[in-house]
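# A look at the structure
Residues per chain are reported as follows:
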Amino acid sequence: GSWRMRGELGDGYTESLRSVYGEVSETADHVMYWWHRAAECVRSGQTRRFGFITTNSLRQTFQRRVITPHLTDPKTPASLVFAVPDHPWVDATDGAAVRIAMTVAEAGTHEGRLLRVESEEPGDGEGAAKVELIERYGLIHTDLTIGPNTTAAIPLEANSGLSCPGVKLHGAGFIITPERARELGLSTVPGLDRHIRLYRNGRDITSRPREVMVIDLFGLTAPDVRERFPSVYQHVMDHVKPERDQNNRGTYRDNWWIHGEPRANFRPALKGLHRYITTVETAKHRFFVFLDASILPDNMLVNIASSDAFVLGVLSSHIHVTWALAAGGTLEDRPRYNKTRCFEPFPFPEPSEPQRTRIRQLAEQLDAHRKHRQEAHPALTMTQMYNVLAELRSGETLNAASQAIHEQGLVSVLRDLHYDLDRAVAEAYGWPADLPTEDILYRLVELNAARAAEERSGLVRWLRPEFQKTSASQTALGVEMQEEDRTPVRTTRLPWPSALPDRVRAVRDFLLQSPAPVAPETVARNFARARTPEVSAILETLAALGQAKVDKGSYWS
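Residues numbered from 1 in each chain as written. Predicted model: local features only at pLDDT ≥ 70, side-chain atom pairs only at ≥ 80, totals over all residues. Heavy atoms only, no water.

Take the sheet that holds strand E3 (residues 99-107) next. The mixed open sheet is built from five strands, whose spatial order is E1-E3-E2-E4-E5. The two strands at the open ends of the sheet, each matched to only one other strand, are strand E1 (49-55) and strand E5 (129-138). Adjacent strand axes in the sheet meet at a mean angle of 15°, parallel and antiparallel pairs treated alike. Of the strand pairs in this sheet, strand E2 (residues 78-88) and E3 are connected by eight bridges, and their pairing is antiparallel. Along E3, the bridge assignment pairs Val84 with Met102. (Pairing = 2+ DSSP bridges. Helix = DSSP H or I, 4+ residues; strand = E, 2+ residues; numbered from the N terminus. Axes fitted to C-alpha atoms, helices over the stretch in contact; angles between N-to-C directions.)

Written out as structure tokens, the structure is:
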């Protein structure tokens with residue numbers, strides 16, 4: 001993985017590789033540099049074809065950004081002529097469920113053989129599994145599918161600025177118990193309640209909340225913290241700063257009292273909401289829940305800045321989950337929810353007001369039912385409920401353990417709520433409730449294209465217009481809202497590197513952090529001494545290499 005390259009291969013090798021192959025995103029896995037080089041050789045006629053075994057993360061966004069330019073070049077394209085998107089590997093010594101992908105490519109435009117695992121069971125000896133494969137033939141897309149091309153869907157302005165991962169701490173010392181929070185002054189020191197908050201990560205959502213808290217000093221300088229909250233200052237200095245001092249990134253070392261990724265651009269979207277929607281980025285079951293606005297989410301949660309149960313209902317429906325499973329990638333054997341591919345391009349329905357009200361009612365019931373069952377049975381987890389729900393849907397006979405969970409979670413009621421919600425959302429789209437998976441995906445890809453065309457003509461079906469319209473105008477002006485009072489202020493400008501490769505990386509990192517498409521002048525204004533023409537040239541290059549997307553003069557990653 002990209003995050004392990006420095007530790008495994010050394011700083012010198014990693015920097016040299018990224019410098020030579022600047023067109024490959026630094027977020028791509030190491031193997032993708034080899035994939036890129038092999039594709040260059042095939043497209044230039046230096047070799048006939050190539051094949052790789054990689055992890056199945058090949059289908060994820062950061063890896064597809066390497067593949068897409070080679071498969072979509074209008075003059076000298078390459079094609080996948082054989083692929084297996086997800087196949088078990090031999091048992092890993094660390095117990096990880098390693099899954100691999102296989103890809104073979106050659107020059108030109110060709111259809112190919114796609115093999116998918118239909119069933120698998122443990123094999124005899126050496127940890128190899130016995131698998132049954134089914135084969136399809138056709139044009140293989142960059143996400144290793146044949147059929148509806150979900151990778152062709154583009155982010156919609158209607159969904160912009162509303163989704164973001166939670167904070168990335170880069171310091172375990174930020175996490176504290178409620179008892180420690182009280183020792184530091186929570187409930188006795190004025191204003192500290194805004195900076196020590198409840199905290200949730202993926203396991204808190206799929207299992208049971210740990211009820212831990214997190215120190216969040218975003219918006220404060222170190223002198224501010226020392227003056228206003230000296231006990232907190234000392235705690236962070238003792239328990240976070242030593243770890244940050246060892247970090248290779250200068251901004252992390254210098255700003256040691258603030259989370260490594262505090263999601264500054266996303267916080268205005270949450271301002272004023274009493275709750276928001278979240279889902280676990282990598283999980284066996286795809287479900288969405290409301291979290292109270294007082295809770296700060298972890299980096300492994302993907303968050304939607306909406307308190308509207310209509311949005312929760314559509315996201316929880318079979319139609320959206322089908323899209324998310326097809327458009328997102330996987331980690332080992334668990335589906336991933338990538339906001340760029342799963343949420344931002346997803347076309348929401350345009351229902352009548354009675355239809356919208358019905359979806360809201362069902363979503364509120366769904367969210368309340370699950371929470372009430374967990375309150376009544378503290379050991380009951382969401383994963384357990386959805387495991388049993390899957391068994392009910394498949395018609396399996398429940399064993400004693402599943403039957404106990406069924407009773408505690410009232411899982412038949414959960415099934416009925418999802419069934420009614422699925423039908424209500426399908427009705428809002430004007431579609432039959434029993435569409436096959438492929439038909440759902442074809443329709444969503446077509447609807448995405450239609451909505452994108454509408455947006456190019458000026459019609460945007462904003463999901464949260466009261467916030468997004470204001471946010472869009474502020475983005476155009478290069479301003480964002482202050483944390484405390486939402487008055488417009490200029491963002492703190494980032495340093496503009498002296499070397500061109502570093503500037504390219506800085507612009508690319510800025511796009512990755514941006515919650516919405518941005519204009520070149522907006523990007524330039526966020527860097528000290530950056531000039532718009534130079535930034536425009538970098539953005540155009542990134543777009544040409546498939547590492548950024550562009551529409552109407554705005555760029556996004």
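Okay, back to it.
Quick look at the packing of aromatic side chains now. Here a ring pair, both rings aromatic, is described through the centre-centre distance and the interplanar angle of the planes. Counted by the stated rule, this structure contains 13 aromatic pairs. Each ring, one from Trp323 and one from Phe346, has its centre 6.4 Å from the other, and the planes form 55°; the classification is tilted. Of this pair, Trp323 sits in helix H13 (residues 318-327) while Phe346 is found in the loop between helix H14 (339-343) and helix H15 (353-376), placing the two residues 23 residues apart along the sequence. Comparing Trp323 with Phe346, the two get one shared label, buried. With a centroid separation of 5.2 Å and 80° between ring planes, the pair formed by Phe346 and Phe348 is classed as edge-to-face. The exposure class assigned to Phe346 is buried, which follows from its relative accessible area of 0%. (Phe/Tyr/Trp six-rings, centres within 6.5 Å; stacked < 30°, edge-to-face > 60°. Buried < 20%, exposed > 50% of the residue type's maximum accessible area, 1.4 Å probe, protein only.)

This paragraph deals with helix H4 (residues 61-72). Note: α-helices contain 3.6 residues per turn, so residues at a spacing of three or four share the same orientation. For H4, built from 12 residues, the straight-helix expectation of 16 Å at 1.5 Å per residue is met to within 8% by its first-to-last C-alpha distance of 16 Å. All buried positions along H4 are accounted for by Thr61, Gln63, Arg64, Arg65, Val66, Ile67, His70 and Leu71. Those residues of H4 that are buried lie in contact with helix H3 (31-43), E2, H13, H14 and helix H21 (500-513). (Expected span 1.5 Å × (residues − 1). Contact = heavy atoms within 4.5 Å.)

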